[in-house]
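Listed below are the residues making up each chain.
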Amino acid sequence: MIRKTRSNISQNEQLLFEMSSPGKLGYQLPDLDVPAVDAGEALGAENVRDEVADFPEVSEVETLRHFSRLSTWNYGIDLGMFPLGSCTMKYNPRINEAVAKIDGLAWAHPYQPESLSQGVMEIIAALECSLAEIFGMDAVTLQPAAGAHGEFTGIMLVRSYLEAQGNARKTVLVPDSAHGTNPATAAMAGYQIRNIQSNSQGMVDVGALEALMDDSVAALMITNPNTVGVFEENIAQICAVMHAKGAQVYMDGANMNALVGIARPGDFGVDVMHSNLHKTFSTPHGGGGPGAGAVAVRSHLEPFLPKPRVRKNADGAWTWDYNRPQSIGHVKAFYGNFGVIVRALAYILAHGGVGLKNATLDALLNANYIRKILEPYYQIAYPAPSMHECVFSDSRQAAKGVKTGDIAKRLIDYGFHPYTVSFPMIVHGALMIEPTETEPLQELDLFCDALISISKEIDENPELVLKAPHLSRTPRVDEVQAARKPVVRWQKPQG
Ligand SMILES: *Cc1c(COP(=O)(O)O)cnc(C)c1O
């Protein structure tokens, strides 16, 4: 089998500041043949300077090569597998990018009048409708800009709903297997958090939940599949326990690619949920670009959704409805990150119902394939079946002095981006692996082969792993110093 090798042009790269020498120019222009504008007059003298101190002076070819070389230092989904658990770093079909670039969509402006925005509004309405169907919910807002923002919106909806009934209540229950943003969200919305412990299967202990339930509880925030990659099998019963005491169930569905086409949160009793369009529905992420945390609700929460809402007039034209007295208001300027919305709809329509379900089945298959192959070498965290990701612990390797972080660093030498290290926190020394549905079998085999090989290295020569990476441009960095004393700004050498 072919092992991956690294093929970077291994030239050490100077900073542009270091390449600079006085008088070099990156462009050549003919002399002006129109009267020059006086910059001071046009912009105000105080806004104009003659020179920027230490501004790098480099030629065009140097600049181009510098950035081209830097671009080869990156690891990205276009180069290989990105097994970062809880992140769904999957390959997204290029056709969705092409659709998002169509002029009328890419150049649409939020201040365009409704009469010129009918197509754009129809796309928003169509995606709301598709997601409502996929989630089994009654209404969707696309306004929130990210997953955590969707959570915040969702819990504000719960608060407003309970307030309208006379009592916003005090606490939100959060299982220890929830994503870290869940308790943070509840705290931001003014709730106290109560933690629920998982049982030996990595699931919420229904008995423990019942014991904590009283009428001060506003909601349960549950991540499903949870952060150990396990589906909460008692979810319907959990919802019933909450509803019996008048509380709401919030589901963090960031990772809906384990469920789409197979199970619908609305069908098992969830009142409100979000899903990350930038994980499951085809927007690339990981570079901090725009995302969208679509929030879906059952009908009793619909009046509280952010405004405006898109709706159809009697004459069949789309319009923005601002007249929503119970709405929590805007959670973002305008209508959401529209480019993300376009990609998600293109992805859903291109796949269709059968295609979406197959994507889910492939995500589950890939994760379980990796689990089965690696189980003889690494300790699986929970015996319960895995969904779209599998979580191991480093317990066997730690006995020989090698930890999850070391194994991840060694994986870089094999040409892979590391998996998620030491998360979720309830698994000591976690290796969290999410292959996603888009990885071909050969890539999965290479990945497993690398991890098996590393486990053998740990038996024979642990130092090799402890000092990794060896083949990367930068050797192992001092992570403590890098976090405590980061050097993020170039300073001209003295003297
Ligand atoms: C990624 C993720 C989030 C947060 O989403 P952001 O878009 O990063 O805010 C929340 N919950 C789960 C389960 C996630 O995987």
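The coordinates are above.
Residues numbered from 1 in each chain as written. Predicted model: local features only at pLDDT ≥ 70, side-chain atom pairs only at ≥ 80, totals over all residues. Heavy atoms only, no water.

Can you lay out the site of the ligand for me, pointing to particular residues and giving the numbers?
Surrounding the ligand, one finds 14 residues, the nearest of these being G147, A148, D252, H278 and K279. Between an oxygen atom of the ligand and a main-chain N or O atom of S86, the distance comes to 3.0 Å. Against a free-state accessible area of 380 Å², the protein chains account for coverage of 83% of the ligand. The greatest single-element share of the shell around the ligand, amounting to 3 residues, is contributed by helix α7 (residues 147-164). Here the shell around the ligand is built from residues that sort into 3 nonpolar, 8 polar and 3 charged. (Near = heavy atom within 4 Å. Polar contact = N/O pair within 3.5 Å; in protein donor to acceptor, adjacent residues only side chain to side chain. Areas by Shrake-Rupley, 256 points an atom, 1.4 Å probe, with all protein chains shown as cover. Helix = DSSP H or I, 4+ residues; strand = E, 2+ residues; numbered from the N terminus. Nonpolar A, V, L, I, M, F, W, Y, C, P; charged D, E, K, R; others polar.)

Describe the packing of helix α11 (residues 338-374) against helix α14 (residues 441-460), with residues and values.
Remark: α11 packs on α14, axes separated minimally by 10 Å, with the N-to-C direction vectors making an angle of 30°. Considering their axes alone, α11 and α14 lie roughly parallel with respect to each other. Every pair of crossing elements has a handedness; the one defined by α11 and α14 is right-handed. Contacts from N366, Y369, I370, I373 and L374 in α11 reach L441, L444, D445, F447, C448, L451 and I452 in α14. Taken together, the residues of the contact of α11 with α14 break down into 10 nonpolar, 1 polar and 1 charged. (Axes fitted to C-alpha atoms, helices over the stretch in contact; angles between N-to-C directions. Parallel < 35°, antiparallel > 145°, perpendicular 65-115°, else oblique. Left-handed = near helix turned anticlockwise from the far one by under 90°. Contact = heavy atoms within 4.5 Å.)

Requested: an account of the nonpolar core, with residues and values cited.
With 62 residues, the main nonpolar core has L127, L131, F135, L209, M242, L277 and F281 as its most contacted residues. Of all elements in the fold, only α6 (118-135), α9 (206-212), β4 (217-223), α10 (235-244), β5 (248-252), β7 (293-297), β9 (318-321) and α11 reach the threshold of two or more residues within this core. Sort the elements by how many residues they give to this core and α11 lands first, with 11 residues. When residues are assigned to domains, this core turns out to be shared by domain 2 (94-349) and domain 3 (359-483), each giving three or more. If sequence neighbours within four positions are ignored, L209 has contacts with L173, I196, V204, L220, I238, V241 and M242. With 26 residues, the next largest nonpolar core counts I370, F392, F416 and L446 among its residues. (Core = buried A, V, L, I, M, F, W, Y, C linked by side-chain atoms within 4.5 Å. Buried < 20%, exposed > 50% of the residue type's maximum accessible area, 1.4 Å probe, protein only. Domains from an automatic or database assignment.)

Provide a residue-level description of unusual backbone geometry, including the pertinent values.
Cis geometry is found at the peptide bond from K307 to P308, where omega equals 0°. Assignment of secondary structure puts P308 in the loop between β7 and β8 (309-312). Cis peptide bonds are those with omega within 30 degrees of zero, and the linkage from F423 to P424 qualifies with 5°. Of note in this structure, R169 is not a glycine but carries a positive phi near 65°. Residue R169 is classed as buried on the basis of its relative accessible area of 18%. Positive phi values are uncommon outside glycine, yet F334 reaches one of about 60°. Looking at the secondary structure, you find F334 in the loop between β9 and α11. On the basis of relative accessible area, F334 is assigned to the partly exposed category, the value being 30%.

Quick one: what's the story with the packing of aromatic side chains, residue by residue and with numbers?
Under the definition given, this model contains 11 aromatic pairs. On the numbers, 5.9 Å between centres and 80° between planes, the contact of F231 with F268 is edge-to-face. Of this pair, F231 sits in the loop between β4 and α10 while F268 sits in the loop between β5 and β6 (272-276), and the two are 37 residues apart along the sequence. Looking at F268, the relative accessible area reads 12%, which means it is buried. Put simply, the rings of Y111, W320, F334 and Y335 touch in pairs and so form one group of aromatic residues. Stacked on the ring of Y191, the Lys or Arg R159 has its end atom at 4.5 Å from the ring centre. (Phe/Tyr/Trp six-rings, centres within 6.5 Å; stacked < 30°, edge-to-face > 60°. Lys NZ or Arg CZ within 6 Å of the ring centre and 35° of its normal.)

Before we move on, could you go through a nonpolar patch on the surface and cite the residues and values that matter?
A cluster of nonpolar side chains, namely L25, Y27 and L29, defines an oily patch on the protein surface of about 370 Å² accessible area. In this structure, L25 sits in the loop between α1 (16-19) and α2 (39-43). (Patch = residues over 30% accessible without salt bridge, like charges linked within 9 Å, V, L, I, M, F, W, Y side chains within 5 Å. Salt bridge = Lys/Arg side-chain N within 4 Å of Asp/Glu carboxyl O.)

Requested: an account of the sheet that holds strand β11 (residues 390-393), with residues and values cited.
Sheet strands pair via backbone hydrogen bonds, and the direction of the pair is either parallel or antiparallel. If you walk across this open sheet you meet the 4 strands as β10-β11-β13-β12, and the pairing is antiparallel. Edge strands, defined here as strands with exactly one partner in the open sheet, are β10 (379-380) and β12 (420-421). Where α11 meets the sheet, its contacts fall on β10, β11 and β13 (430-433), and the angle it forms with β11 comes to roughly 25°. (Pairing = 2+ DSSP bridges.)

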